[in-house]
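# Overview (structure and organization)
Chain by chain, the residues:
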Amino acid sequence: MGSVSLKIGDGTARFRRASLCSSALNLIMLFSVLTTNLFALYAFTSSPTNQTLHHTHKNISLISEHVSIILREIESSQKKLARMEKELLGYQNIDVSRPNVANELKLFLQHHPLPLGKDSKSGITEMVSSVGHSCDKSTELLSQYMNYKVGGACPDDLSLAQKLISRGCEPLPRRRCFTKAIPKVGLLPFPLSLWKPVSDKIVSWSGLGCKTFDCLKTKKVGRGCVGCFDLVNGTEKHRFIKARSKNDFLVDDVLALGNGGIRIGLDLGGGSGSFAARLAERKVTVVTTALDVDAPFNEFIAARGLFPLFSSLDQRFPFHDNVFDLVHAVNGLGDGGHPEKMEFLMFDIDRILRAGGLFWLDNFYCSDEERKRTLMRLIERFGYKKLKWVVGEKVDAAGTGKSLVYLSAILQKPVRV
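Conventions adopted
- Residues numbered from 1 in each chain as written.
- Predicted model: local features only at pLDDT ≥ 70, side-chain atom pairs only at ≥ 80, totals over all residues.
- Heavy atoms only, no water.
- Helix = DSSP H or I, 4+ residues; strand = E, 2+ residues; numbered from the N terminus.
- Buried < 20%, exposed > 50% of the residue type's maximum accessible area, 1.4 Å probe, protein only.
- Contact = heavy atoms within 4.5 Å.
- Areas by Shrake-Rupley, 256 points an atom, 1.4 Å probe, with all protein chains shown as cover.
- Disulfide = S-S within 2.5 Å.
- Pairing = 2+ DSSP bridges.
- Right-handed = clockwise from strand over helix to strand, strands pointing away.
- Expected span 1.5 Å × (residues − 1).

Along the chain, the regular secondary structure elements total eleven helices and eleven strands. Expressed as a percentage of the 417 residues in the chain, the buried residues total 36%. For the chain, the share of sequence-separated contacts (at least 6 apart) that also reach a separation of at least 24 residues comes to 64%. Summing over all exposed atoms, the chain offers an accessible surface of approximately 25800 Å²; the carbon and sulfur share of this is 58%.

Across all of its chains, the model carries four disulfides by this definition. Disulfide partner of Cys135: Cys169, at an S-S distance of 1.9 Å. Negative torsions about the S-S bond denote left-handed disulfides, and the value of about 95 degrees found for Cys135 with Cys169 makes this one right-handed. Of the two residues, Cys135 sits in the loop between β4 (126-127) and α4 (139-145) while Cys169 sits in the loop between α5 (158-166) and α6 (213-217), which places them 34 residues apart along the sequence. One exposure class covers both Cys135 and Cys169, and it is buried. With a sulfur-sulfur separation of 2.0 Å, Cys210 is cross-linked through a disulfide to Cys215. Linking Cys210 and Cys215, the disulfide has an S-S dihedral of approximately -55 degrees and is accordingly described as left-handed. Accessibility expressed as a relative area gives 6% for Cys210, which makes it buried. Under the relative-accessibility criterion, Cys215 is labelled partly exposed at 23%. What links to what in the chain: the bonded cysteines, counted in sequence order, pair as 1-3, 2-4, 5-6, 7-8.

Summarising the sheet, strand β6 (residues 285-290) and strand β7 (residues 307-310) pair through four bridges and their orientation is parallel. Bridge assignment links Thr289 to a residue of β7, and that residue is Leu309. In the classification by handedness, the crossover that spans β6, the intervening helix α9 (residues 297-303) and the parallel β7 is right-handed.

The subject of this paragraph is the pairing of β6. Here β6 lies mainly inside the structure; five of its six residues are buried. As paired elements, strand β5 (residues 264-268) and β6 share four bridges and run parallel to each other. Residue Asp267 lies in a different strand from β6, and its bridge partner there is Thr288. In this fold, the crossover linking β5 to β6 by way of helix α8 (residues 274-280) has right-handed handedness.

A separate point is helix α10 (residues 339-352). Every α-helix winds through 3.6 residues per turn, so residues three or four apart in the chain are directed the same way. Here α10 contains 14 residues, and its C-alpha end-to-end distance of 21 Å stays within 8% of the 20 Å for a straight helix at 1.5 Å per residue. Considered for burial, the residues of α10 that qualify are Met342, Leu345, Met346, Asp348, Ile349, Asp350, Arg351 and Ile352.

As structure tokens, then:
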């Protein structure tokens, strides 16, 4: 807008008057800058056209639709997974609409209304039958087992019942038939009955290979019962009172560790009941769990005047919490090589054993290092006090001549607040 002349000395600066031509040019340039800026401002601040807005809405709709499809697929997959899990674990009720399902089983599984209506204490309005969830996987066997005449004689099928139990179908649902009543002639009075031979005629030999106790004396009936039916000439008459190896604890020594507080106990897989017999001689009541696998264990135990419990170790014990002073387990703790099975059993043993009670682990067979480590971890986890602890080798009682590693221990349950 004209030249500038700086005059030194008076501290002032004066502008010379600009020519008419240069002023017009400057105005044109200013107008161009302003116009350009206004167009740019309009472009950035103006709303999008209808076409752009339409495309934006269309894209958002497509994204929402895809997200909805993905969510539906996830929900469907979760439902399928839950259904598969229920089917595998047997949580669903048994489908009685299947062909060849016994009518008695259908009737048993029905929900029956209470005769007096709603119970004021529990709030229930109907009776629901109890059947093991694994029964659903053995429906054919279960229907065969439940196919009987109501009010008539129960079928002679003990082996079928034990097949169901071994598959986890427990408790058994048969309810309305009469069991064969065998005359119990010749039962001896207690305590004479503890160590006298049991007559072959007072037990049922249904479904068993041997039909006499003399036959069983020569058979290996499980690892924990080798000659256990010979109460006179076998090793049973010295068991728990005379040690055959350092792993065999004496019953009087174990009771002494309980400081006189051992009154009731549970024997897990107790064979023919000799442990319960030794404790009975010392005024201690013991319940012995047993299945009649290859031998009439339950009737033999009962004939000795002892308490048998026909139950597997796969089910929760039918006892209240903290009631037993002593739990005795012979070798069979966690058979099958499944660590979780041993863990389930150990937790249930801990549940029914009172604080300060004793857990007698008797000749636990350490088939491999992993099984041994699993047991060690469990014992450390429960925090039991080790009163006795012996690891040793002995020759297999089955006559194989192989040296086996066994663990025997007396553990005391701690007080937990």
